[in-house]
Amino acid sequence: MPALAPPITDLAYQECLNPVCSARFSIDETHFSCPNCGDLLDIQYDWDRAAVPADPRVFSARRGLEGNDPLNVSGVWRFRDLLPFAPAEKIVTIGEGQTLLQRADKVGEFVGLAPGGLYLQYEGMNPSGSFKDNGMTAAFTHARMVNATRVACASTGNTSAALAVFCSATDLGFRAIIFVGSGKIAYGKLAQALDHGALTIQIVGDFDDAMQRVQQVADRLGVYLMNSVNPFRLEGQKAIIYRILEALAWQVPDWIVVPGGNLGNSSAFGKAFIELVHLGLIERPPRLAVINATGARTLDELVGRRSLDWNSGLPKMDRVERYYGELDHDQVKASTIASAIEINRPVNLKKCLRALDFCQGVVSSATDQEIMDAKARVGAGGLGCEPASAAAVAGARRLVREGVIARSDRVVCILTGHQLKDPTATVAYHAADQEQFDKILGCRGVQRAGFANRPVVVANELDDIIRAIALYSGEHAANRE
Ligand code: F0G
């Protein structure tokens, strides 16, 4: 008789990221920082006892929809052996992660890459329209494991949308409380929070303020926190990488390029690569590029100019505190059209440094002009995205121009959120209304809509309409080149 496989929760534990502390906690406990030293927590596994398939094609074979098993339909849980913390009966899934990796030659040309060089991982196809669902399924699963029902987050919009969707789409008694900065969230996302019935608290302040408050509220009221300081969130977000590798037949690309806000995604990606190399499923990680918006460029400043690095788990945090002190002193607030990444105090900074260290990462920034132009090119090239996602494409373009990414490299940019999340920015860019352009984009330094596809205003007369089509269709076609 073979020995019984250990119960699945036995394999997983929580561990403090700080190597001086390294305190461990059971996954049956709920902590959003290390109770010993306050640092971030990681989920770790005893991989020697885990039954991870040696051949990753096993994950793809589960994809067959025969039987419609929700765990195999989910683009997160069909990789469940790589995040083995949850008993199957506790898993909370709404069909997240059925997303596409798209070869995107037209956008690749804009970025400066050879044909076949650029792929876009289209996370806007998730049920709530952004990559957040990958993390929510894992965090909701843990919440269910510890019998939490009141769940909260601070958000620039997508986390709150995902939280609201998960609460309303599951019949498990979850109640959503979300904190957003007033006037700081794109309409598509606010619409989701409201429509899905979340208690929506708009505080006077920005995301960084809301983040501080939600942590205090979670402490005080014992509410379960769904931001990416929750280490279970990041376990789910590792699956974005698994799906990319799967789509590339487990051939590692040269680069993964991701926008950086609170730095949960980049942190999760780094952890995924550390584990995949450890497990022998890939030989080497790709290089990682994290792209800030110029108006919220904490990571770029700290890594690029102030030489902050992982330093074997002991980054020089005094440099971070000094920078934050300067921001406070100068009353600098994050400000970018890419509202999803309008964040100056990224909570996962340390984990992102680990990811950059393991993946020989680089950090860059994109201006709002570059972001909006890249967004228009992404839209014209096929599936669209919201401004924050376009930062990845704009950043890749900049890195190609600087010679960091070679023209012949194979690059995957993560399109983190759906085009319809922020119609205001899109319409302001394309529409001819100068007043609207100035109000929404001009005030942020965007001077021209280089790739605008302007609507043509015509009298309601058939001849005028036909004349307009004749007059403008040539120009329109040129615009789409
Ligand atoms: N792209 C989109 C569309 C986002 O919504 C976010 C973050 C990011 C990129 C940045 O990802 O935080 O993992 O570095 N949105 C969070 C929110 C902060 O509240 O929805 P990150």
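Refer to the structure presented above.
To start, this report covers the structure provided alongside it. (Residues numbered from 1 in each chain as written. Predicted model: local features only at pLDDT ≥ 70, side-chain atom pairs only at ≥ 80, totals over all residues. Heavy atoms only, no water.)

## Focus: helix α4 (residues 132-145)
Moving on, step 1. Taking 1.5 Å per residue, 14 residues should reach 20 Å; α4 reaches 20 Å between its end C-alpha atoms and fits that length.
Moving on, step 2. Across the 14 residues that make up α4, a large majority, 13, are buried.
Moving on, step 3. Phi turns positive, to about 60 degrees, at Asn-147, one or two residues after α4. (Helix = DSSP H or I, 4+ residues; strand = E, 2+ residues; numbered from the N terminus. Expected span 1.5 Å × (residues − 1). Buried < 20%, exposed > 50% of the residue type's maximum accessible area, 1.4 Å probe, protein only.)

## Considering empty space enclosed by the protein
Moving on, step 1. Under the definition given, this model contains 3 cavities of 30 Å³ or more.
Moving on, step 2. Approximately 330 Å³ is the volume found for the largest cavity.
Moving on, step 3. Forming the boundary of the largest cavity are 29 residues, of which Phe-131, Lys-132, Asn-262, Ala-340 and Ile-341 lie nearest the centre.
Moving on, step 4. Looking at the lining of the largest cavity, the elements that each hand over two or more residues are β6 (150-155), α5 (158-169), α8 (231-247), β10 (255-259), α9 (264-278) and α14 (387-401).
Moving on, step 5. Per element, the largest residue contribution to the lining of the largest cavity is 3 residues, and it comes from α9.
Moving on, step 6. Split by residue class, the lining of the largest cavity holds 10 nonpolar, 16 polar and 3 charged.
Moving on, step 7. For the second largest cavity, the full set of lining residues is Ser-155, Thr-156, Gly-181, Lys-184, Asp-206, Phe-207, Ser-339 and Glu-342.
Moving on, step 8. Counted by class, the lining of the second largest cavity contains 1 nonpolar, 4 polar and 3 charged residues. (1 Å grid on protein atoms, 1.4 Å probe; cavity = no way out; pocket = protein on both sides within 12 Å on 5 of 7 lines; lining within 4 Å. Points joined across faces, edges and corners; volume = space filled by probe spheres on them. Nonpolar A, V, L, I, M, F, W, Y, C, P; charged D, E, K, R; others polar.)

## A word on the pattern of salt bridges
Moving on, step 1. Counted according to the given criterion, the structure contains 29 salt bridges.
Moving on, step 2. Arg-398 serves as the salt-bridge partner of Glu-370, at 3.0 Å between the closest nitrogen and oxygen. Taken together, the residues span a long stretch of sequence, with Glu-370 in helix α13 (residues 368-380) and Arg-398 in helix α14 at a distance of 28 residues.
Moving on, step 3. Look at the salt bridges and you will find they share partners, linking Arg-297, Asp-300, Glu-301, Arg-306 and Glu-326 into a network. (Salt bridge = Lys/Arg side-chain N within 4 Å of Asp/Glu carboxyl O.)

## Focus: the sheet that holds strand β3 (residues 41-45)
Strand pairing in a sheet relies on backbone hydrogen bonds, with the paired strands running either antiparallel or parallel.
Moving on, step 1. As summarised here, the arrangement of the 3 strands in space is β2-β1-β3, forming an open sheet in which the pairing is antiparallel. Two strands in the sheet have a free side with no partner beyond their single neighbour: β2 (24-26) and β3. The sheet shows a mean angle of 35 degrees between the axes of neighbouring strands, direction not considered.
Moving on, step 2. The sheet contact formed by strand β1 (residues 12-16) and β3 spans 5 bridges and is antiparallel. Across the sheet, Gln-14 pairs through a bridge with Ile-43, a residue of β3.
Moving on, step 3. Contacting β1 and β3, α8 crosses the sheet at an angle of about 55 degrees to β3. (Pairing = 2+ DSSP bridges. Axes fitted to C-alpha atoms, helices over the stretch in contact; angles between N-to-C directions. Contact = heavy atoms within 4.5 Å.)

## So, the site of the ligand
Moving on, step 1. Taken together, 21 residues form the shell around the ligand, and within it Ser-155, Thr-156, Asn-262, Leu-263 and Thr-416 come nearest.
Moving on, step 2. At 2.8 Å from an oxygen atom of the ligand is found a side-chain nitrogen or oxygen belonging to Asn-158.
Moving on, step 3. Residue Gly-264 places a main-chain N or O atom 3.0 Å away from an oxygen atom belonging to the ligand.
Moving on, step 4. For the ligand, whose unbound accessible area comes to 470 Å², protein coverage reaches 99%.
Moving on, step 5. With respect to the pocket detection grid, the ligand is positioned in the largest cavity. (Near = heavy atom within 4 Å. Polar contact = N/O pair within 3.5 Å; in protein donor to acceptor, adjacent residues only side chain to side chain. Areas by Shrake-Rupley, 256 points an atom, 1.4 Å probe, with all protein chains shown as cover. Sits in = over half its atoms within 2 Å of the grid points.)

## Re the sheet that holds strand β4 (residues 100-103)
Moving on, step 1. The sheet built from 6 strands is open, its strands ordered β4-β5-β13-β10-β11-β12 with mixed pairing. Edge positions in the sheet fall to β4 and β12 (362-366), since each has one partner strand and no second. When the angles between neighbouring strand axes are averaged without regard to direction, this sheet yields 25 degrees.
Moving on, step 2. Pairing of β4 with strand β5 (residues 118-122) involves 4 bridges; the strand directions are antiparallel. By the bridge assignment for β5, Leu-100 is matched with Tyr-122.
Moving on, step 3. Contacts from helix α10 (residues 298-305) reach β11 (287-293) and β12, with the element oriented near 135 degrees to β12.

## Looking at a nonpolar patch on the surface
Moving on, step 1. A cluster of nonpolar side chains, Val-456, Val-458, Ile-465, Ile-469, Leu-471 and Tyr-472, forms an exposed patch at the surface whose accessible area comes to about 510 Å².
Moving on, step 2. If you trace the backbone, Ile-465 turns up in helix α17 (residues 462-479). (Patch = residues over 30% accessible without salt bridge, like charges linked within 9 Å, V, L, I, M, F, W, Y side chains within 5 Å.)

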